[in-house]
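Each chain is listed here by its residues.
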Amino acid sequence: IELGLNKVEVSIPQIHEPGAEAEVDFGEFWIRIGGELVKCWMFVMRLSCSGRAFHVAFTTQGQEAFLQGHVLAFAHFGGVPGRIRYDNLKPAVVKVLKGRNRTESDRFVALRSHYGFDSFFCRPGKDGAHEKGGVEGEIGRFRRRHLVPVPDVLSLGELNRSIAAGDLLDDARVITGRCHTVAEAFAVELPTLQPLPEEPFDPALLLRSRVDLRARVCVRQCYYSVPARYAGRRLAVRLTATTVEVFDAGHLVARHERAAGRYVEVLVLDHYLEILKTKPGALPGATALAQAKATGAFTAPHQRYWEVARRARGDSAGTRALIEVLLAHRTLPRAALDVAMRGAIETNLVDPQVVLIEARRQSGDHADAVTPIGAWTRYDRPAPTLTAYDELLTGSEG
């Protein structure tokens, strides 16, 4: 009191043993994906001794992203620190108790048990920020150094490839007050990390969702298409921070990149083709068609073939011809079908069967030559007889 320390928060400088500890932070930042400004969350884990950090971006701050960040970070480092410091993040903490005690979520406990590390939780609020000072401000530092100006990427995967390149560049930096690069310090720390388990932890959440009459499942207020034959059924969903996978009795029926935001539709045109065969008039305005054009799945040859087929056969029949070709993408290479469609457009032979025959020819998908029947004679064997058994019977009578 006489020194006035009761009015000032004094921090004690610390040293960190190699492999003993890491710190985790999880914060928001903004990025442009496909020209739209999207809020993302960056997971960062920083090894306290070497200062080496791992960063990854997600479009969600849900528990599945928090867990997946750990799995990716441990794989990046090639080992596991003995203890990790956290804020009182909801994906990890169910309830803050007295002192350092916490009620941890079941999934977080499963993650810790799988990798064998201990958790340390800072004091709630700003009072505990200094307790993981190594990672505080790391998201801002990384963003200013590697994500300025704000990148305009086509997908979250492209963004994370850029972030991974930034992590590699940071290996060459020298942290203030040190004489070695981050990479040199990490080379010393790596052998002290706990080894990775033989199998990685699965961070996915397993859900069940009913397919609506638009052949979509609703997951976290976004909609994802499945083949139309599943309408009205309940299917299993495997949700990660980056993907949505839909299963029927263990069989994967649809896989999508996870959408950012709410009420977003992610639709695959192939899922609706069987319905469109009976409702060809619904194709021109279909949301799935618009998305297929945006992603490049529906190409210029498709559009041109459709136009020529409708002029030659009428709207309904021409659209059905296009759908026959689109269905063939399930079994024939895209390049071969593109060549066949261009040929049909040039010759004005828009019969879909002609297109498929030419596509099979282009892809080399021919029937195997008939094997001469004489070639199988080497497998001939004499017919079995029972003579040996007769001899045994005769001998036993004697």
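This text gives an overview of the structure that appears in the document. As the structure is a computational prediction, the values presented were derived from the model and not from experiment.

### Details of the sheet that holds strand β10 (residues 216-219)
Turning to step 1, where the next piece is worked out: If you trace the three strands from one edge of the open sheet to the other, you get β10-β11-β15, paired in mixed fashion. The strands lining the two open edges of the sheet, one partner per strand, are β10 and β15 (265-266).
Turning to step 2, where the next piece is worked out: As defined by bridge partners, β10 adjoins strand β11 (residues 222-225) across four bridges and the pair is classed as antiparallel. For V217, the partnering residue across the bridge sits in β11 and is Y224.

### Thoughts on the pattern of salt bridges
Turning to step 1, where the next piece is worked out: Taken as a whole, this structure holds 21 salt bridges when the rule is applied.
Turning to step 2, where the next piece is worked out: Of the charged contacts, one joins E21 and R83 as a salt bridge, the two residues approaching to 2.4 Å between their closest N and O atoms. In this pair, E21 is assigned in strand β1 (residues 21-33) and R83 in strand β4 (residues 83-86), connecting sequence segments 62 residues apart.
Turning to step 3, where the next piece is worked out: When its relative accessible area of 7% is taken as the criterion, E21 is described as buried.
Turning to step 4, where the next piece is worked out: Linking R52 and D171 is a salt bridge whose minimum nitrogen-to-oxygen distance equals 3.0 Å. A residue pair is termed long-range when its members are at least 10 positions apart, and R52 in the loop between β2 (36-47) and β3 (53-58) and D171 in the loop between α4 (156-170) and α5 (182-189) qualify at 119 residues. No difference in accessibility class separates R52 from D171, as the two residues are buried.
Turning to step 5, where the next piece is worked out: Via salt bridges that share partners, E138, R141, R145 and D170 belong to a single interconnected network.

### A closer look at the packing of aromatic side chains
Turning to step 1, where the next piece is worked out: Counted by the stated rule, this structure contains 13 aromatic pairs.
Turning to step 2, where the next piece is worked out: Consider the rings of F66 and F108, whose centres lie 5.9 Å apart with planes at 45°: the pair is tilted. Of this pair, F66 sits in helix α1 (residues 63-77) while F108 sits in helix α2 (residues 106-115); the two residues are 42 residues apart in sequence, bridging distant segments of the chain.
Turning to step 3, where the next piece is worked out: On the basis of relative accessible area, F66 is assigned to the buried category, the value being 0%.
Turning to step 4, where the next piece is worked out: On the numbers, 6.4 Å between centres and 70° between planes, the contact of F108 with F117 is edge-to-face. Pair check on accessibility: F108 and F117 agree, each one buried.
Turning to step 5, where the next piece is worked out: Clustering of aromatic rings is evident, with ring pairs tying together F26, F43, F66, F74, Y86, F108, Y115, F117 and F121.
Turning to step 6, where the next piece is worked out: Seen from the ring of F120, R85 lies directly overhead, with NZ or CZ sitting 4.3 Å from the centre.

### As for the side chain of E64
Turning to step 1, where the next piece is worked out: Within the secondary structure, E64 sits in helix α1.
Turning to step 2, where the next piece is worked out: Judged by relative accessible area, E64 falls into the buried class, the value being 2%.
Turning to step 3, where the next piece is worked out: Within the local environment of E64, its side chain forms a polar contact with the side chain of R258, the two groups lying 2.7 Å apart.
Turning to step 4, where the next piece is worked out: The contacts of E64, once residues within four sequence positions are left out, are P203, L205, R220, L239, T240, A241 and R258.

### What to know about the packing of α1 against α2
Turning to step 1, where the next piece is worked out: Where α1 contacts α2, the axes come no closer than 11 Å and their chain directions differ by 10°. Compared by their axis directions, α1 and α2 come out roughly parallel. Facing α1, whose interface residues are Q63, F66, L67, H70, V71 and F74, α2 presents R107, F108, L111 and Y115.
Turning to step 2, where the next piece is worked out: Of the residues that constitute the contact of α1 with α2, the class distribution is seven nonpolar, two polar and one charged.

Conventions used here
- Residues numbered from 1 in each chain as written.
- Predicted model: local features only at pLDDT ≥ 70, side-chain atom pairs only at ≥ 80, totals over all residues.
- Heavy atoms only, no water.
- Pairing = 2+ DSSP bridges.
- Helix = DSSP H or I, 4+ residues; strand = E, 2+ residues; numbered from the N terminus.
- Salt bridge = Lys/Arg side-chain N within 4 Å of Asp/Glu carboxyl O.
- Buried < 20%, exposed > 50% of the residue type's maximum accessible area, 1.4 Å probe, protein only.
- Phe/Tyr/Trp six-rings, centres within 6.5 Å; stacked < 30°, edge-to-face > 60°.
- Lys NZ or Arg CZ within 6 Å of the ring centre and 35° of its normal.
- Polar contact = N/O pair within 3.5 Å; in protein donor to acceptor, adjacent residues only side chain to side chain.
- Contact = heavy atoms within 4.5 Å.
- Axes fitted to C-alpha atoms, helices over the stretch in contact; angles between N-to-C directions.
- Parallel < 35°, antiparallel > 145°, perpendicular 65-115°, else oblique.
- Nonpolar A, V, L, I, M, F, W, Y, C, P; charged D, E, K, R; others polar.

So yeah, pure geometry; function would need other evidence.
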